[in-house]
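Below are the chains, spelled out letter by letter.
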Amino acid sequence: MLSFEGPKNGPLVCASSFDQLILPPVGERPQDSQRQLSAGSLGGKELEEGSRAKNIGLGLAMGIGFGVGSVLLLCSIVTLCCRCRARTEASDQAREVAPNMKIACERGAPEIGASAQQATEKV
């Protein structure tokens, strides 16, 4: 149970069945014959090994996550640069075609859409 003073709980009790279990009131101090469980009384070696395994596992997960995220970010930047470069090259080619079409029109290109090379060959 939580309150403003912090968590409140009673002593740990055990029984072989629910019928035999007797729950003391919250806040009651354990008797001298009862055993108190705490992190210090539970195997320190096992806690250290568990903590080490947790740190290694989470460290690997973070490293893999950051590594994959960095690779994906790099791939998206490279793709964006390639698309921008392709768009720039396409616009440069369009600028080169536009003056040629004006020359073709001045020389009397026989068809709409005829290239400048076709117009100069026929003249």
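Rules of the game
Residues numbered from 1 in each chain as written. Predicted model: local features only at pLDDT ≥ 70, side-chain atom pairs only at ≥ 80, totals over all residues. Heavy atoms only, no water. Helix = DSSP H or I, 4+ residues; strand = E, 2+ residues; numbered from the N terminus. Buried < 20%, exposed > 50% of the residue type's maximum accessible area, 1.4 Å probe, protein only. Contact = heavy atoms within 4.5 Å. Areas by Shrake-Rupley, 256 points an atom, 1.4 Å probe, with all protein chains shown as cover. pLDDT = per-residue confidence, 0-100.

Q: For this particular structure, what's the right way to read the overall build of the protein?
A: Along the backbone of the protein there are two helices and two strands. A buried classification covers 5% of the 123 residues belonging to the protein. In the protein, the proportion of contacts linking residues at least 24 apart, taken out of those at least 6 apart, comes to 3%. Accessible area of the protein: about 11,100 Å², with a carbon and sulfur share of 60%.

Q: Teacher, can you tell me more about the confidence of the model for the protein here?
A: Looking at the protein as a whole, the pLDDT averages 76, with 58% of positions reaching at least 70. Summarising per-element confidence for the protein, the mean pLDDT is lowest in helix 2 (residues 116-122) (54) and highest in helix 1 (residues 44-106) (86).

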